[in-house]
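# Structural description and commentary
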Amino acid sequence: MNNKKGQKKIDIAPAKNGGSGFYSDVVKEHFFKPKNFMEDESGYKADGQGMVGSPACGDVMRVWIQVDDKSRRIKDLKWKTFGCASAIAATSMMSEMVTEKGGMTLEEARALRPQDITERLHGLPVRKIHCSVLGDKALRAAINDYYRKQGETDKVEVEAGRVIDKVLKITDQDIEEAVLDGAVTLEDVQRKTKVGTGDPSCIPEVEQLIRFYREKYFGAE
Amino acid sequence: MKVTKRQTSNVKRQEVYLDHAATTPVDGRVIKAMMPFFDTCYGNPSSLHAPGQKAHKAVTDARNSIAGLLNAHVDEMVFCSGGTESDNLAILGTVNMSKAELKRMYGKNAVPHVVTSAIEHPAVLEPLLKLEYRGEIELTQIKPGANGVVAAEDVFKAIKSNTVLVTIMLANNEIGTIQPIAEIGKLILKHRKVNGSIYPYFHTDACQAAGYLDLNVEKLHVDLLTLNGGKIYGPKGVGLLFVRRKTRIEPQVYGGGQERRLRSGTENVPGIAGLATALDIAQAKREKESERIAKLRDRLIKGLLKIEKSRLNGDAKNRLPNNVNVSFMDIEGEAAMLYLDAKGVYCSTGSACASTSLDPSHVILALGMSYEAAHGSMRLTLGKSTTKKDVDYVVTIMPGIVRRLREISPVSLDMKQF
Ligand code: FES
């Protein structure tokens, strides 16, 4: 199922076994006892904060960071999440990964990938992979916010997508989202994005992107 | 010191199954009725020898018994593999069969029209959406009122000259609301008479209703009715489609021609015997059980609505006696469900996160409610084993769980948006 050798593959737990076997013990640990969540916003001085929402299932994540100005390391990270067990566990795990061992530098934190979080969680069910994507997005938004506040706008990295459907202005990111939300076929992606209905000439490219993202997040079929 | 917090943690853990709308345990009497057909009476009902004929008799007995309960004819029973197959057969079978007739009447571009509600089970909606996507039907989905009940008048008004099928569930699986099937049925009959047409046919999915409501097809005025075993303390993997005599319907499964050619495949003899027994028990007890369980339902609703920012989904009165569906604002249902699971309470949610498609409950959304309300919706469905103690346990532990999840949620919506 998942080949351990070669490039890092996400460890995917069987999605359909339901019940308590659905999530790994690490996920459950972080879900039932979340670490570093924001308890008292009013008393917290954040150097940067970010918030993202998933258009997929409507989940929202918010991240606050405190940064050491000299070393540019993240000293503290607090979060709040509206989402399922995977989303809660993934943000909780991310908060640990970012702040452990003296804290990540901003650049290290920016390079954190959802796959890294998923791995530390001992895998997530296939249809829950997308929940792990929100956390690091919120984190990157908080890092941008920090740079903006410091006046270092050259370091702000906006993630703009490449436009695929020129009529409906649908980007490769929209297609990535759709795949993360469980779309498998062109029909599924169209149901979510309507891509190609305005500009049918982009359909072959859309199909290619679907294959690419399926492969990236869920491994070869 | 927070007294409530301490109270919750001191409550003794209980195992409470509140997901009877998902499925029920099998009644011991049903298991007993099924047993002989696994080993001692194992024949194939199509075989003419003695073991085969014994099995054949068991299937005939089941057919007789169910026909009696539905006030229908024996030759109107079609056994199949469950509610989903039964719904699919009703829809695909009648729609396909109607095409030729429609073309004859309205020319070669005529497309059959189907009327359904926006709150049907996926076993009804999905085949219909597929047909619509392929351009094989025209589809009208009737929105229910904010109380989750479809108005018979709205359904009737949607009927056109090319309408071949109306399919509306007897009771909703998520919010338990009971639909005015008899009333719709009467209007359809009148329409057919006035127009001298055999169409539209009227189908109802009665899977959730079978334990609590009257299934008399003459009173409901339906042509097709779906039942299954797994919701009425019977076996899973067995279902039934009542098909009124003379209904034009074509099979979806071809083979040996069982079930009057409408559903080929060797009969699931133990399953069929089990379904008949389960339905018999359920229908005999339904009035008394409805009364008992409705009291518990109301107690649970009252207890849960004491939690801040909560609301009941679906009509408070016109709903199945075992259904509770409550939304808690600012929290996500799957997380809540898993916290409940850890405390021994088993229920389900309409949250997008818990669905395979990542879409929030189409039923809650059809009530005109927000995504957030669907997200925080919890369905608790009671059953035969449910006691007052179970209900009180849930009412005691729920506030703590909701509070905990609200603590880690960045969302805090206005009740007005709810
Ligand atoms: S947050 Fe919605 S599925 Fe995980």
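My aim in this report is to walk through the structure given alongside it, one point at a time. (Residues numbered from 1 in each chain as written. Chains lettered and ligands numbered in written order. Predicted model: local features only at pLDDT ≥ 70, side-chain atom pairs only at ≥ 80, totals over all residues. Heavy atoms only, no water.)

## Some thoughts on the sheet that holds strand β13 (residues 377–381) of chain B
Residues and elements named next belong to chain B. Strand order across the open sheet formed by four strands is β9-β10-β13-β12, with antiparallel pairing between neighbours. Bordering the open sheet on either side are β9 (310–312) and β12 (348–349), each of which pairs with just one other strand. Bridge count for β12 against β13 is two bridges, and the pairing is antiparallel. Bridging across to β13, Thr349 finds its partner in Met378. (Pairing = 2+ DSSP bridges. Helix = DSSP H or I, 4+ residues; strand = E, 2+ residues; numbered from the N terminus.)

## Describing the interface of chain B and chain A
With 25 residues of chain B at the contact, the number on the chain A side is 28 residues. Between chain B and chain A, a total of about 2200 Å² is buried, with carbon and sulfur atoms accounting for 63% of that surface. Sorting the residues of chain B by area buried against chain A places Leu358, Ile408 and Pro410 of chain B first, and these three jointly supply 29% of that buried surface. Across the contact surface, chain B and chain A share two salt bridges. The salt bridge involving Lys128 of chain A is made with Glu334 of chain B; its shortest N-O contact spans 2.5 Å. For the side of chain B that touches chain A, the elements supplying multiple residues, two or more each, are α5 (122–133), α10 (333–342) and α13 (388–407) of chain B. The biggest single contributor to the side of chain B that touches chain A is α10 of chain B, with five residues. The class makeup of the residues in the side of chain B that touches chain A is 14 nonpolar, five polar and six charged. (Contact = heavy atoms within 4.5 Å. Buried area = accessible area lost by both parts, 1.4 Å probe. Salt bridge = Lys/Arg side-chain N within 4 Å of Asp/Glu carboxyl O. Nonpolar A, V, L, I, M, F, W, Y, C, P; charged D, E, K, R; others polar.)

## Overview of helix α1 (residues 25–32) of chain A
Within the span of α1 of chain A, buried status applies to Val26, Val27, His30 and Phe31 of chain A. Along the axis of α1 of chain A, the buried positions cluster into a sector of 130°, meaning they face one direction only. Considering only its buried residues, α1 of chain A is in contact with α2 (85–99), α4 (114–120) and β5 (124–125) of chain A together with α10 of chain B. (Buried < 20%, exposed > 50% of the residue type's maximum accessible area, 1.4 Å probe, protein only. Arc of directions from axis to C-beta.)

## Examining the nonpolar core
In this structure, Ile65, Leu139 and Ile175 of chain A together with Leu70 of chain B are the most contacted members of the largest nonpolar core, which totals 148 residues. The biggest single contributor to this core is helix α9 (residues 269–304) of chain B, with 14 residues. Setting aside its immediate chain neighbours within four residues, Ile175 of chain A contacts Ile164, Ile170, Val189, Val195, Val206, Leu209, Ile210 and Tyr213 of chain A. Ala110, Val164, Tyr201 and Leu224 of chain B belong to the second-largest nonpolar core, a separate cluster that totals 23 residues. (Core = buried A, V, L, I, M, F, W, Y, C linked by side-chain atoms within 4.5 Å.)

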